[in-house]
Amino acid sequence: MNLVRNHVLISIDAGTIMAGARAVEKTLVDEIASQGLTDEISVLETGSIGATGQGVVLVVYPEGIYYGNVTPQDIPELVEEHLLKGRPLKRLILSEIPKQHVIKKEKTGLLKEQPRIVLKNSGIINPENIDEYIAENGYEAIAKALTTMTPEEAIEEAKKSGLVGRGGAAFTTGMKWDFARQAAGDIKYIVCNADEGEPGTFKDRLILEGDPHKLIEGMLIAGYAVGASKGFVYIRGEYALSIERLEKAIGQARQYGLLGDNILESKFSFDITVMKGAGAYVCGEETALIESLEGKRGHPRNKPPYPVTEGLWAKPTVVNNVETLANVPEIILHGASWFRGYGTEKCPGTKVFTIIGNVTTPGLIEVEMGTTLRDIIYEYAGGIKNGKQFKGALVGGAAGAFLGPDMLDVKMDFVNLKEYSAVLGSGAILVMDEDVDMLDMLKSVLHFFRHESCGHCVPCRLGTAQLVKIIDRMSSSKGRKDDIDKLMNIARVMQATSFCPLGQSLYLPISSSLKYFGDEIRSRARQ
Amino acid sequence: MNLEDLKKIREKAQKDVELRQKQARIRVVVGMGTSGIASGAREVLKTFVEEIGRRNLTDVVVTQTGEKGLASREPMVEIFEEGKPVVIYGSMDPEKSKRVVVEHIVNGNPVSEYAIEVM
């Protein structure tokens, strides 16, 4: 490889282009080539270098010499003197070197201080190195649990922390563990639901990619609490990088004896297997997921019996979401009351939200439970893109609720949103600006559900097909007078009679979109 | 492995991390999550490694990490330098990376146009 001896930066901005920077650049490149220096000297374009009114400006590194008012005629001399012979060309040197660049601090919002529990290490440590996780007090929580706590105490700590499932249904994690612990049988399983299928959600992916050991530790603690010795991670097949990093992490943990028999010389043994899902939305539902794990078609089961008593291969099984499990090590390590210091009374802790749509900086944040939608959009996501107006947000993924502008100040947590008959779901927030057509939005949601309906039960299979038929004719201006009533009726029947949450949850996006944007949808359908 | 071992590993790991930070004058950390990789983080990482290697900058290390969450500004690169604020660059590409190596790492002038945050 060649060592580049000099770098010449040429400032290309409105001012220097007017002064002929392009011509200078071309001459410079040609001259360097004709002197045979192409391999040794690189020419790079940059934005404004900070010297204005000085014509074409060049900087030559490593010396850091600034040349001003450079013309194509100067180039042969400059190349000959400075770049070939190493003597700076004094007559062109800028007397006033621009001041050290002051770095502008762009308000990125998403990098704003966030109380990070789940994503504490994500974007900080090298996820492929177990030592870096251990250096951040990794695996100390499982050590603490194994040596100082009984399984019952670990469950009690989880209950006291008020941690609820982060996958959408918001069931108390400690209770779930307790049910499974008390269920009859020697063989029990921990299943991690990493089948992140809700459109617009990618929080689990980020945890798995950024800090896979945290999930392993969370599963270890859950296994110890429940009395399970085997764990499965059911992960989306598309998450290639997550799978790769997780498997690498599992291998490292095995090598260190943190997975396997007699972990940390205790009587507790536990191991984890990664299973890939094939991408069906319904497999995010826990019983369908279990069916799929067993190698069958991903159809939901009848409940009860619930998985905590009869789950995987009819054994007591705890199914926890990735984010839920990632909270566990921190709770065990710092205690329930520490955890309760975050979030609200009824919903302690933090929540990871994925923000997508018409915002300035889409991405992912972890904030305390109870942060308002307004703060999330305007403080963390940089506001609406291109200075437009906020129109609405779809919160909780496709199975979530549309919220209008008067809901901006609603506190985002599981309990509070329920009061407004909305859900937090998986934490996806799709923001829409004034230009978004709500009928189109609803249409895409309904199409998604028709595609994902597994066909197991009649209300969902036929209901989603009818809903799509109606919304399609509405959007092609062939809507009928009673179409909106029909939408609502079908959704209501589906909510009441569908076999699993997939069909039941469609009522929410339909009713909420009509509640906040009913007039618009009606008038759009009439056009 | 027992508790003692875990403690030993932790202490060693913490020391290693510390040592690495001391040995290296500058640490370049490239965000290598899916968003980062999809927007070209691999190329960026490669460029940093190459450019630093060809200059024999032995006091600079390049490592990777997961995502921070700012998906819209990937690939992101952080430059840690002892005694100086951390500079985070966003929307990087190989050409920009070359410039960061020359201006920031070699010559100590952070490239303000690409910087999105200084901490």
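Residues numbered from 1 in each chain as written. Chains lettered and ligands numbered in written order. Predicted model: local features only at pLDDT ≥ 70, side-chain atom pairs only at ≥ 80, totals over all residues.

**Overview of the overall build of chain B**
Here comes step 1: Within chain B one finds four helices and five strands.
Here comes step 2: Taken along the three principal axes of its C-alpha coordinates, chain B extends 50 × 30 × 25 Å.
Here comes step 3: Residues classed as buried in chain B amount to 48% of the 119 residues present. (Helix = DSSP H or I, 4+ residues; strand = E, 2+ residues; numbered from the N terminus. Buried ≥ 20, exposed ≤ 12 C-beta atoms within 10 Å, placed from the backbone.)

**Some words on the interface of chain B and chain A**
Here comes step 1: On the side of chain A, 48 residues touch chain B, which itself brings 41 residues to the contact.
Here comes step 2: The set of elements that each furnish at least two residues to the side of chain B that touches chain A consists of α1 (3-23), α2 (34-38), β2 (60-65), α4 (94-106) and β5 (115-118) of chain B.
Here comes step 3: Take the side of chain B that touches chain A: its biggest share by element is eight residues, from α1(B).
Here comes step 4: Grouping the constituent residues of the side of chain B that touches chain A by class yields 16 nonpolar, 14 polar and eleven charged. (Contact = placed C-beta atoms within 7 Å. Nonpolar A, V, L, I, M, F, W, Y, C, P; charged D, E, K, R; others polar.)

**Looking at the packing of helix α5 (residues 140-148) of chain A against helix α12 (residues 322-334) of chain A**
Residues and elements named next belong to chain A.
Here comes step 1: The interhelical angle for the contact between α5 and α12, taken along N-to-C directions, is 55°, at an axis separation of 8 Å. One element, α5, and the other, α12, form an angle in the oblique class. Every pair of crossing elements has a handedness; the one defined by α5 and α12 is left-handed. Residues E140, A141, K144 and A145 of α5 touch α12, and the partners they reach there are P329, I332 and L333. (Axes fitted to C-alpha atoms, helices over the stretch in contact; angles between N-to-C directions. Parallel < 35°, antiparallel > 145°, perpendicular 65-115°, else oblique. Left-handed = near helix turned anticlockwise from the far one by under 90°.)

**With respect to the packing of helix α9 (residues 212-226) of chain A against helix α10 (residues 240-255) of chain A**
The angle between the axes and the distance between the axes are what describe a pair of packed helices.
Residue and element names in this part refer to chain A.
Here comes step 1: Axis separation between α9 and α10 bottoms out at 9 Å; the angle between their running directions is 60°. For the element pair α9 / α10, the angle class is oblique. For α9 against α10, the interelement crossing comes out right-handed. On the side of α9, the interface is formed by P212, H213 and I216, while α10 contributes R245, L246, A249, I250 and A253.
Here comes step 2: Of the residues that constitute the contact of α9 with α10, the class distribution is six nonpolar, one polar and one charged.

Function cannot be inferred from these measures alone, as they are strictly geometric.
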